[in-house]
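# Understanding the architecture of this molecule
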Amino acid sequence: MGSSLGQQLAKSHQVIIGSRDSAKAKAVAAAIKGATGADYSTAARNCDSAIIAIPFSAIDLVSSLAYELSGKLVISIINPMKFEKGTAFYGLERGSAAEMLAAKLPRSRVATAFNNITAGFFKKPGGSRLDIVVAADSKETFDETAGIVRSIPNLRPMYAGPLSEAQIVERITPMMLNLAKRNETGSLAIRFVSQKE
Ligand SMILES: NC(=O)c1ccc[n+]([C@@H]2O[C@H](COP(=O)([O-])OP(=O)(O)OC[C@H]3O[C@@H](n4cnc5c(N)ncnc54)[C@H](OP(=O)(O)O)[C@@H]3O)[C@@H](O)[C@H]2O)c1
């Protein structure tokens, strides 16, 4: 998901791909025009805003980046999920990955976004408009995140409310995966339809 998002964002932003292994980051970045690669700490220090695209099981590593990410926008795309007999379940009893991330990054502005879209949608740009649900505690944090969402063609940011709404945003994803599987649709993304349209 990180490299797919990076590929789209590199068309309008300077992208740094982060990794635990700087050589791997550089190799991934070499395939993306205009992107560079670095270890997480260097990437966090040199960025203006960060997208955290790591598995939920690795979330603790973000604590080590708190200093480098202080004062910056940090977007969580993390969905805590578990799979049992081919069915996806949400992995937390309460709270959300985004709120856990915010607790680990007390001096960053944390939003959640891109939770309900799969990497495959970024590999085939074009098509119809899709909605990206964004939760953030302040208008400023939402606006910054919305700007990043809008910089990818056909994506519309939708304000879901404060970061506590990430509990709902993240929980939709396992349902979407199960819907796709049970109805044999291929990957699903969200498009809200308004009566005004
Ligand atoms: N895949 C999707 O379509 C999708 C859609 C929406 C949201 N998400 C969310 O986005 C996040 C990333 O998903 P993904 O499918 O891109 O995951 P992934 O390929 O399994 O992992 C992404 C990267 O996380 C890094 N990482 C850091 N610490 C790690 C650790 N302890 N163990 C394993 N990897 C670690 C790895 O990069 P390095 O080896 O380079 O460090 C890995 O390539 C997840 O939280 C997922 O819920 C995914």
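Presented here is an overview of the structure given in this document. These numbers were taken from a predicted model, which means no experiment stands behind them.

### Some points on the site of the ligand
Around the ligand there are 19 residues in total, and Met1, Ser19, Arg20, Ala58 and Asn79 lie nearest to it. Within the shell around the ligand, the residues separate by chemical class into 11 nonpolar, 5 polar and 3 charged.

### Thoughts on the sheet that holds strand S8 (residues 130-136)
Strand order in the open sheet formed by 5 strands is S3-S4-S7-S8-S9, with mixed pairing between adjacent strands. This sheet does not close on itself; its edge strands, each paired only once, are strand S3 (49-52) and strand S9 (155-161). Put simply, the sheet's adjacent strands are angled 30 degrees from each other on average, direction ignored. In this sheet, S8 lies alongside strand S7 (residues 109-112) in antiparallel orientation, the contact comprising 2 bridges. The residue of S8 that forms the bridge with Ala111 is Ala136. Across the face of the sheet, helix H7 (residues 166-182) comes into contact with S7, S8 and S9 while running at roughly 145 degrees to S8.

### Some details on the pairing of S8
Among the 7 residues that make up S8, 5 are buried, leaving the element largely enclosed by the rest of the structure. At this point the chain moves from S8, through helix H6 (residues 139-150), to the parallel S9, and the crossover so formed is right-handed.

### Notes on helix H4 (residues 97-104)
Counted residue by residue, H4 has 6 buried out of 8 residues, so it is predominantly covered. Burial in H4 covers these residues: Ala97, Ala98, Glu99, Met100, Leu101 and Ala102. On the buried face of H4, the contacting elements are S3, strand S4 (73-76), S7, S8 and H7.

### Observations concerning the nonpolar core
General note: in soluble globular proteins, nonpolar side chains tend to be found buried as a group. Ranked by size, the top nonpolar core spans 47 residues in total, and within it Ile52, Val74, Leu101, Ala111 and Val134 carry the most contacts. Setting aside residues up to four positions removed in sequence, Leu101 forms contacts with Ile52, Ile59, Val62, Val74, Ser76 and Val110.

### Some points on unusual backbone geometry
The phi torsion at Lys85 lies on the positive side, around 50 degrees, for a residue other than glycine. With respect to the helices and strands, the residue Lys85 is situated in the loop between strand S5 (81-84) and strand S6 (87-90). Among the residues examined, Lys85 registers 4 C-beta atoms within 10 Å and is labelled exposed. With phi around 75 degrees, Asn154 is a residue other than glycine that occupies positive phi space. Mapping Asn154 onto the fold places it in the loop between H6 and S9.

### Points about H6
With 12 residues, H6 should reach 16 Å at 1.5 Å per residue; the first-to-last C-alpha distance of 16 Å fits that figure. Buried within H6 we find Thr141, Phe142, Thr145, Ala146, Ile148 and Val149. Summarising the axial view, the buried residues of H6 lie within an arc of 160 degrees, below the 170-degree limit, and thus occupy one face. Opposite the packed face of H6, turned more than 90 degrees from it, sit the exposed residues Lys139 and Glu140. Packed against the buried residues of H6 are S4, S7, S8 and S9.

### With respect to the pairing of strand S2 (residues 36-39)
Taken together, the 4 bridges between strand S1 (residues 16-19) and S2 define a ladder with parallel strand orientation. Looking at S2, one finds that Gly18 is bridged to Ala38. With helix H2 (residues 22-30) bridging S1 and the parallel S2, this β-α-β connection has right-handed handedness.

Scoring rules and cut-offs
- Residues numbered from 1 in each chain as written.
- Predicted model: local features only at pLDDT ≥ 70, side-chain atom pairs only at ≥ 80, totals over all residues.
- Near = placed C-beta within 6 Å.
- Nonpolar A, V, L, I, M, F, W, Y, C, P; charged D, E, K, R; others polar.
- Pairing = 2+ DSSP bridges.
- Helix = DSSP H or I, 4+ residues; strand = E, 2+ residues; numbered from the N terminus.
- Axes fitted to C-alpha atoms, helices over the stretch in contact; angles between N-to-C directions.
- Contact = placed C-beta atoms within 7 Å.
- Buried ≥ 20, exposed ≤ 12 C-beta atoms within 10 Å, placed from the backbone.
- Right-handed = clockwise from strand over helix to strand, strands pointing away.
- Core = buried A, V, L, I, M, F, W, Y, C linked by C-beta atoms within 7 Å.
- Expected span 1.5 Å × (residues − 1).
- Arc of directions from axis to C-beta.

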